[in-house]
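# Overview (structure and organization)
For reference, the chains in residue letters:
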Amino acid sequence: MSDVLLSVEGLTRRFDVSKPWLNRVIEREERQFLTANADVSFEIRKGETFALVGESGSGKSTIAKMIVGLLEPSAGTIRFDGQVMDFASGAAMRALRRRFQMIFQDPFASLNPRWRVGDIIAEPIHTFGLLTGAAVRQEVGRLLELVGLSASDAAKFPHEFSGGQRQRIAIARALSSRPEFIVCDEPTSALDVSVQAQILNLMRDLQDEFGLTYLLISHDLSVVRHMSNRIGVLYLGRLVEIADAKRLFVEPQHPYTRMLLDAVPDLALSGRRRTPVTGEIPNPINPPPGCAFHPRCPHVMDICRQIVPAQTTTASGQAACHLLTQDDHRRTREPVA
Amino acid sequence: MSTPILSVRDLVVEFPTRRGTLRALDKVSFDIAEGEVLGMVGESGAGKSLTGAAIIGLLEPPGRVAGGEILLRGERIDNLPPEKMRRIRGRRIGMVFQDPLTSLNPLYTVAEQLIETIRTHIDLSEKDARKRAVALLDRVGIPAAARRIDDYPHHFSGGMRQRVVIALALAAEPELVIADEPTTALDVSVQAQIIDVLKEICAERGASVMLITHDMGVIAETADRVAVLYAGRLAEIGPVRDVIQRAEHPYTVGLMGSIPTLTQTADRLTQIPGSMPRLNAIPQGCAFNPRCTRVFDRCKVDRPELIARAGGRQMACWLYDAAVQGEAENV
Ligand SMILES: Nc1ncnc2c1ncn2[C@@H]1O[C@H](COP(=O)(O)OP(=O)(O)OP(=O)(O)O)[C@@H](O)[C@H]1O
Ligand SMILES: Nc1ncnc2c1ncn2[C@@H]1O[C@H](COP(=O)(O)OP(=O)(O)O)[C@@H](O)[C@H]1O
Ligand code: SF4
Ligand code: SF4
Ligand SMILES: [Mg+2]
Ligand SMILES: [Mg+2]
């Protein structure tokens, strides 16, 4: 399809979390691997906002880092505008890198405290040789105003700004290479709600103005619903469901999506019925076999403990759950205490 | 009306610094009734944690209570000697903090810590205290409590640790529990469980709760009344349903509009311009005036006091002061 900007197929990333060699020998332990992402596939269309939600450790940031080329996948492919990202080729990666940028959660850690704001924003312009001389300064001023700051702020240092203003600086920097695609990893999680609203509104305005495509990562379902067209739900490194943003919340297909939804406090005081949420995320080093969600799932069946469910098409997108492929699941379903 | 469990009257907390004194809480007043859950919301730096710390007498020096009084069942506790205050903490006021590890000692088993707390405050034998401790752990939802009680805190997951802290906070049957962001460090699916446990167990034991959080959703589901703090002052206080669904104070209105919800349809969120002032730059008059869409002359000169409104609400805003209604153009 021509309107797909980014596609990810079978993306997998393992980390070696073994103890040092000597300890392993003494304690007679095997090497240990943590699978941060397993077999993740999705597509992002031009101009849309695709969101990934999941709890801590579900692998959101790992996917983000692989997509922007900060981390090499253990398996799988990433295609940007039809072109496979080749981590081995420095030149090819560099050419691609101008076209996508990343915004991080902590606007303090991501800005070099010893650099002036102007230099921080200009860095990608220099790296990619986009402008020279006085034009750089002019461009920096324009970008600062674009994100709601003033051109004179270029001479200041990051610590002179509040959290929200620092995130504006990070956005100006991300925009300076004129990218088409921006990966935003928890861009507002460190901010207060009133400041979060300012940043989310700004992100929307910039998207409209420049036709940007976003991958938005967040653990906040309300933020994700507000901002995105489609949403992927991650659990222990796997995508359990992908759906149209508005429909995901009306008709969740996967039991984990339902559980997440039920965990969100009801600000509208609508009296929405909720099932109590149970259990916690298991250790990712030894995830449960079969469907990783099975120890917490109220609908668990025998097959769930043995076989990893495959993605199936649903009315609102796709989901990976045996319930969706078993016609007579109602009879085989075991009640869970 | 019966005496409130807690009464905070014109509380002022200050930090003397080399460049002058910073006033972090400025005449904060509220009550918590018997069995009531009072939510305390505000953006970071509004003074929520300081309010909690001042009540339990754990302000970090040089921070100090510089004015007002704090009464527990009608008796002042803000001027007690440290030794007496220590006995009130744990016995009459239980505490739950954001990071469970600040309340738990990593070197002792959960059993040792629970039994010690119980026996410090209640006259029970070691055996009975242990029985009580196991029952408590079981009540807060620790599976196989009788066995797990002899584990160390680091053997528990984040959510389980916070359950242990709740058990510890309630071990001596306190009248009041102060919970400061008890779920902020936890995963979404665990937060709801912890809030439910906290709420249920306090209700069961008749403990009042002061729930400090920046999360309006948590307040909406948990609290009876809510106090909105802004720049060290109370902007509004009232029944949760009223404040959330019919916010009146301009700051609360802006705050509620800025929160995305699962049901809203608007494309843009309401935006409050700017951010909360630092302590050394709190504007004259109403602290919110530079960001307020309805500001008028009086707001920049005089500070609005809390005014009682219908339905048990109180509001600090000149718009709602009958005496100055004529001055505001856009009321
Ligand atoms: N460099 C690394 N070495 C070992 N394990 C790692 C590394 N980076 C991530 N992990 C592990 O991979 C899993 C996924 O991590 P990731 O940071 O992608 O999660 P996340 O969804 O972004 O979580 P959060 O919401 O906390 O940011 C976690 O279990 C994490 O501990
Ligand atoms: N030790 C301290 N010295 C100086 N200022 C402090 C100190 N502790 C807190 N403050 C200030 O007091 C205000 C309120 O803090 P706090 O109660 O922690 O806010 P909240 O819990 O609402 O985020 C903030 O402006 C904070 O910077
Ligand atoms: S596959 Fe089985 S255990 Fe997993 S979510 Fe579906 S029903 Fe539950
Ligand atoms: S007192 Fe004035 S500035 Fe303050 S909130 Fe009310 S209208 Fe706004
Ligand atoms: Mg992350
Ligand atoms: Mg705090």
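Shown above is the structure to which this text applies.
Below is a short write-up of the structure. The structure displayed is predicted, hence computed values, not measured ones.

Before going further, it helps to examine unusual backbone geometry. Residues and elements named next belong to chain B. With an omega dihedral of 10°, the bond running from Pro-61 to Pro-62 counts as a cis peptide bond. Mapped onto the elements of the fold, Pro-62 is located in the loop between helix H1 (48-55) and strand E4 (64-72). Although it is not a glycine, Glu-173 adopts a positive phi angle of roughly 55°. Note on placement: Glu-173 falls in the loop between helix H6 (158-170) and strand E7 (176-180). A positive phi is found at Ala-231, a non-glycine position, where the angle reads about 50°. Within the secondary structure, Ala-231 sits in the loop between strand E9 (225-230) and strand E10 (233-239).

Around ligand 3 sit His-254, Pro-255, Cys-291, Phe-293, His-294, Cys-297, His-299, Cys-304, Pro-309, Cys-321, His-322 and Leu-323 of chain A, and that is every residue in its neighbourhood. Taken together, the residues that form the shell around ligand 3 break down as eight nonpolar, four polar and no charged.

The next thing to look at is the pairing of strand E12 (residues 317-320) of chain A. All names here are of chain A. Inspection of the sheet shows strand E10 (residues 238-244) paired to E12 by three bridges, in the antiparallel sense. Along E12, the bridge assignment pairs Ile-242 with Gln-318. Pairing between strand E11 (residues 311-313) and E12: three bridges, direction antiparallel. The partner of Gln-311 across the bridge, within E12, is Ala-320. In this antiparallel pair of consecutive strands, E11 and E12, the connection spans three residues.

Around ligand 4, the surrounding shell consists of His-249, Pro-250, Cys-286, Phe-288, Asn-289, Cys-292, Arg-294, Cys-299, Pro-304, Cys-317, Trp-318 and Leu-319 of chain B. Looking at the shell around ligand 4, its residues break down into nine nonpolar, two polar and one charged.

Residues and elements named next belong to chain B. Two numbers describe how H6 lies on helix H7 (residues 188-205): the axes approach to 10 Å, and their chain directions differ by 15°. Between H6 and H7, the angle is such that the two are roughly parallel. The hand of the H6/H7 crossing is right-handed. Along its contact with H6, which presents Gly-159, Gln-162, Arg-163, Ile-166 and Leu-170, the element H7 presents Val-190, Gln-193, Ile-194, Val-197, Leu-198, Ile-201, Cys-202 and Arg-205.

Take the sheet that holds E12 of chain A next. Strand pairing within a sheet occurs via backbone hydrogen bonds; the two strands may be parallel or antiparallel. All names here are of chain A. Taken together, the eight strands give an open sheet; going across it, the order is E6-E7-E8-E3-E9-E10-E12-E11, and neighbouring strands pair in mixed fashion. At either end of the open sheet lies a strand with only one pairing partner, and these are strand E6 (100-103) and E11. On average, each strand axis in the sheet is tilted by 20° relative to the strand beside it, whichever way the strands run. Here strand E7 (residues 181-185) runs beside strand E8 (residues 213-218); their pairing, made up of five bridges, is parallel. Following the sheet pairing, Asp-185 is matched in E8 by Ile-217.

Grouped together as the largest cluster of nonpolar side chains are 105 residues, with contacts concentrated most on Leu-6, Phe-30, Ile-55, Ile-93, Leu-137, Ile-166 and Met-216 of chain B. Setting aside its immediate chain neighbours within four residues, Ile-166 of chain B contacts Val-96, Val-140, Ile-194, Val-197, Leu-198 and Ile-201 of chain B. Membership of the second largest hydrophobic core comes to 68 residues, among which are Ile-125, Ile-169, Tyr-214 and Val-224 of chain A.

As enumerated under the stated definition, the model contains 45 salt bridges over all chains in all. With a closest N to O distance of 3.3 Å, Glu-139 of chain A and Arg-178 of chain A form a salt bridge. Taken together, the positions of Glu-139 of chain A in helix H5 (residues 134-146) and Arg-178 of chain A in the loop between helix H6 (163-175) and E7 put the pair 39 residues apart, joining distant regions of the chain. Residue Glu-139 of chain A is classed as buried on the basis of its relative accessible area of 7%. Two residues, Asp-153 of chain A and Lys-156 of chain A, come together in a salt bridge whose shortest N-O distance is 2.9 Å. Judged by its relative accessible area of 7%, Asp-153 of chain A is buried. In this structure Lys-156 of chain A comes out as partly exposed when scored by relative accessible area, which is 31%. Three or more residues are tied together by salt bridges with common partners; here these are Glu-14, Arg-23, Asp-26, Arg-64, Arg-233 and Arg-303 of chain B.

Definitions and cut-offs
Residues numbered from 1 in each chain as written. Chains lettered and ligands numbered in written order. Predicted model: local features only at pLDDT ≥ 70, side-chain atom pairs only at ≥ 80, totals over all residues. Heavy atoms only, no water. Helix = DSSP H or I, 4+ residues; strand = E, 2+ residues; numbered from the N terminus. Near = heavy atom within 4 Å. Nonpolar A, V, L, I, M, F, W, Y, C, P; charged D, E, K, R; others polar. Pairing = 2+ DSSP bridges. Axes fitted to C-alpha atoms, helices over the stretch in contact; angles between N-to-C directions. Parallel < 35°, antiparallel > 145°, perpendicular 65-115°, else oblique. Left-handed = near helix turned anticlockwise from the far one by under 90°. Contact = heavy atoms within 4.5 Å. Core = buried A, V, L, I, M, F, W, Y, C linked by side-chain atoms within 4.5 Å. Buried < 20%, exposed > 50% of the residue type's maximum accessible area, 1.4 Å probe, protein only. Salt bridge = Lys/Arg side-chain N within 4 Å of Asp/Glu carboxyl O.

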